Amino acid sequence: MARVSKRDVNGTPLKRGDCVKYLGAPSGYWSGLSRTAQKAIAKRVGKRHAVEGFDAYGHAEFMFRDDARQVHFIWVTGNCLEKVPNRPRRTAVSKPLR
């Protein structure tokens, strides 16, 4: 298998930690996956994920939990992803002392 470019659908370079929107997978991606996995992955279309890393072929990896809290890891080419601005980290808001 040939290496793929670590770029999103718009040609923007991707790196570990980037926030991306999952645009969907090509039809051949689904072969060999259980119906449960297919449904869980299909629900992630349009959602934001952090790029966890890249495999030896350059596919971006991200992870998510389904409705049953089962962890899924998927690897997709950059043409299935769109880089989006990272969300600011939520910080605890302290209440004033009285």
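Model, not experiment: these values are computed from the prediction.

Visitor: Give a detailed account of the overall build of the protein chain, specifying residues and quantitative values.
Guide: When helices and strands are tallied, the protein chain shows one helix and six strands. The N-to-C order of helical and strand elements in the protein chain reads β-α-β-β-β-β-β. Restricting the contact set of the protein chain to residue pairs at least 6 apart, pairs at least 24 apart contribute 61%.

Visitor: Report on the pattern of salt bridges, specifying residues and quantitative values.
Guide: Inspection of the entire model under this criterion finds four salt bridges. In this structure, Asp18 engages Lys15 in a salt bridge whose closest nitrogen and oxygen atoms are separated by 3.2 Å. The class for Asp18 is buried, based on a relative accessible area of 4%. The salt bridge partner of Asp18 is Lys83, with a shortest N-O separation of 3.4 Å. Placement of the pair is Asp18 in the segment before β1 (19–22) and Lys83 in strand β6 (residues 81–84), with a sequence separation of 65 residues. Overall, the relative accessible area of 31% leaves Lys83 in the partly exposed class.

The rules we used
- Residues numbered from 1 in each chain as written.
- Predicted model: local features only at pLDDT ≥ 70, side-chain atom pairs only at ≥ 80, totals over all residues.
- Heavy atoms only, no water.
- Helix = DSSP H or I, 4+ residues; strand = E, 2+ residues; numbered from the N terminus.
- Contact = heavy atoms within 4.5 Å.
- Salt bridge = Lys/Arg side-chain N within 4 Å of Asp/Glu carboxyl O.
- Buried < 20%, exposed > 50% of the residue type's maximum accessible area, 1.4 Å probe, protein only.

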